[in-house]
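Analysis of the macromolecular model
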Amino acid sequence: MASIKTLKEIPTLTSLYKLKHLTPAASTVSGASSAYNDKICVIRTDITKLEVDAIVNAANESLLGGGGVDGAIHRAAGEELLRECETLDGCDTGDAKITDGYELPCKKVIHTVGPVYWRTKKHGKHTSLLQSCYRRSLDLAAENDCKSIAFSALSTGVYGYPSNEAAATAIGEVKKWLDTDEKADKLDRIIFCNFMEKDEDAYYEWLPKYFPPTQDGEKHSKSIEAKENGQEEEGTSEDKMVDKIKSELEVEAEDQSKQTEAVDASKSEETGQMAELPDVPTTEPGEHGLPEAKKLKTDHDDQKL
Ligand code: AR6
C-alpha cells in the first residue's frame, strides 16, 4: 500500500537530473529554461497519497464523481467531498472548481474537466481545452494560497487523450503560466503525478525539452558518478538529500521487482458510458505498490503494468 508522501519525498527536476534518472533531451523547445527545475516535480504514485496543498482531479462536468482518479479521490476524501461538490453546479470542460480535501492528506482538491479527445479533436478544440484546464487549475491554486499543486494526467484515461500529446500540452502550458507576469513566485512546487507507465514515459520525454538541466546539475551528476566509482568526496547537504531520495527509490524499486501480482487492467467504471475506451487503471489505489520512480533501474523497464 502506497504511503503518504510529503513534499520532501517528491523529487524535483534538479534532483532527478542529479540522480541521472532524467536525461537531457537531444533538442529543446524554443524558450526552454532550467529556471524552474527546483519547482517542477514528476512522480508516479497514487495522487490521493500526496501531502500537498492541492491535488487536481480529472473530473467530469457533473463534478459528482466517476471512475479513474476521480473515483479514487472521492473514495479517499469521503462523503463530505461529494456533499460540497453537489453545491458547485457542475463545471464546464476546460474550467476548474476548488473544494476542501476532507479526509485526503492534501488541503484542497481542484476539480477540472478535461476534453474528451476524439470528440473535441473533431472541432480542433482539444489542445486549447486541455491548456485551459492546466491554466485555470494553476490560477485557482494561486488564488487560494496553495503553494504546492499536484496534477493527475488529465484526460489521458477514459477521455482518451494520447499520453505524449497530453504531456507536451500540459508541460508547455505550465511553463507558459510560470513565465507570465510574476506568477512563478506564487507556487513553490508543481508536481506531475502519473499513474501509468505510458504517461510517465511521456513526461520523461517532454520535461527535458522544456526544462533542461543546468550546468551545475551536470556537475552534480559527475560528482555522483565519481562516488559510484568509489572516489569519495565531502558530501554537501544537497548531496545528502539526493542520496536519501536515491536510497528510498531503490527500496521502492526493489519492492516492485519482488511483487508478483499484476495490476488488474479491467475496464473502468465508466465502460458503459464511453465507446473505444483506452487502457485505464481501475485497481483500487493503494492495493498495489506502484513504483514511485520506475526510471531508477532499466531492469524494470520491461515490467509493464
Ligand atoms: N492517482 C493518480 N493518477 C491516477 C489515479 C490515481 N489514483 N487513478 C488513475 N489515474 P481518468 P480522464 C490516472 O480516466 O481521462 C472519470 O470517470 C490515469 O492513469 O481518471 O480525464 C471522470 O469522472 C490517467 O492517466 O480521467 C470522468 O468522467 C489519469 O489519471 C472521466 O473519468 C486520468 O484518467 C475523466 O477522464
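The notes below deal with the structure included here.

What counts as what
Residues numbered from 1 in each chain as written. Predicted model: local features only at pLDDT ≥ 70, side-chain atom pairs only at ≥ 80, totals over all residues. Heavy atoms only, no water. Helix = DSSP H or I, 4+ residues; strand = E, 2+ residues; numbered from the N terminus. Buried < 20%, exposed > 50% of the residue type's maximum accessible area, 1.4 Å probe, protein only. Contact = heavy atoms within 4.5 Å. Areas by Shrake-Rupley, 256 points an atom, 1.4 Å probe, with all protein chains shown as cover. Near = heavy atom within 4 Å. Polar contact = N/O pair within 3.5 Å; in protein donor to acceptor, adjacent residues only side chain to side chain. Nonpolar A, V, L, I, M, F, W, Y, C, P; charged D, E, K, R; others polar. Disulfide = S-S within 2.5 Å. Pairing = 2+ DSSP bridges. Axes fitted to C-alpha atoms, helices over the stretch in contact; angles between N-to-C directions. Parallel < 35°, antiparallel > 145°, perpendicular 65-115°, else oblique. Left-handed = near helix turned anticlockwise from the far one by under 90°.

1. Description of the overall build of the chain
Within the chain, the secondary structure is distributed over nine helices and eight strands. Residues classed as buried in the chain amount to 54% of the 305 residues present. Pairs at least 24 apart in sequence give 75% of the contacts found in the chain among residues at least 6 apart. Carbon and sulfur atoms make up 47% of the accessible area of the chain, which totals about 14,100 Å².

2. Details of the site of the ligand
The environment of the ligand is formed by 25 residues, the closest being Asn-60, Gly-67, Asp-70, Thr-156 and Gly-157. Backbone polar atom of Val-158 to an oxygen atom of the ligand: 2.9 Å apart, as the coordinates give it. Burial of the ligand by the protein chains amounts to 99% of its free accessible area of 700 Å². For the shell around the ligand, the secondary structure elements donating two or more residues are β4 (54-59) and α2 (68-77). With four residues, α2 is the single largest residue contributor to the shell around the ligand. Classifying every residue of the shell around the ligand by side-chain character gives 12 nonpolar, nine polar and four charged.

3. Section: the state of the cysteines
Here a disulfide denotes a covalent bond joining the sulfur atom of one cysteine to the sulfur atom of another. Using the criterion set out here, one finds zero disulfides in the structure. For Cys-146, which is in no disulfide, the shortest distance to another cysteine sulfur is to Cys-106 and amounts to 9.1 Å. Residue class for Cys-146 comes out buried when judged on its relative accessible area of 3%.

4. A closer look at the pairing of strand β6 (residues 108-113)
Within β6, five of the six residues are buried, leaving the element largely enclosed by the surrounding structure. Summarising the sheet, β4 and β6 pair through six bridges and their orientation is parallel. From the neighbouring strand, Ala-59 faces β6, where its bridge partner is Val-113.

5. A word on the packing of helix α5 (residues 126-143) against helix α6 (residues 163-179)
Running from N to C, α5 and α6 point in directions that differ by 45 degrees, and their axes come no closer than 9 Å. Accordingly, the angle class assigned to the pair α5 and α6 is oblique. Crossing of α5 over α6 shows right-handed handedness. Between α5 and α6, the residues in contact are His-126, Thr-127, Leu-130, Gln-131, Tyr-134, Arg-135, Leu-138, Asp-139 and Ala-142 and Glu-165, Ala-166, Thr-169, Ala-170, Glu-173, Val-174 and Trp-177, respectively. Looking at the contact of α5 with α6 residue by residue, the class counts come to eight nonpolar, four polar and four charged.

6. A word on the packing of α6 against helix α7 (residues 197-210)
Across the interface, α6 lies against α7 with an axial gap of 8 Å and an inter-helix angle of 40 degrees. Classified by the angle their axes make, α6 and α7 are oblique. Note that α6 runs across α7; the crossing there is right-handed. Here Ser-163, Asn-164, Ala-167, Ala-168, Ala-170, Ile-171, Gly-172 and Lys-175 of α6 come into contact with α7, specifically with Lys-198, Asp-199, Ala-202, Tyr-203, Glu-205, Trp-206, Leu-207 and Tyr-210.

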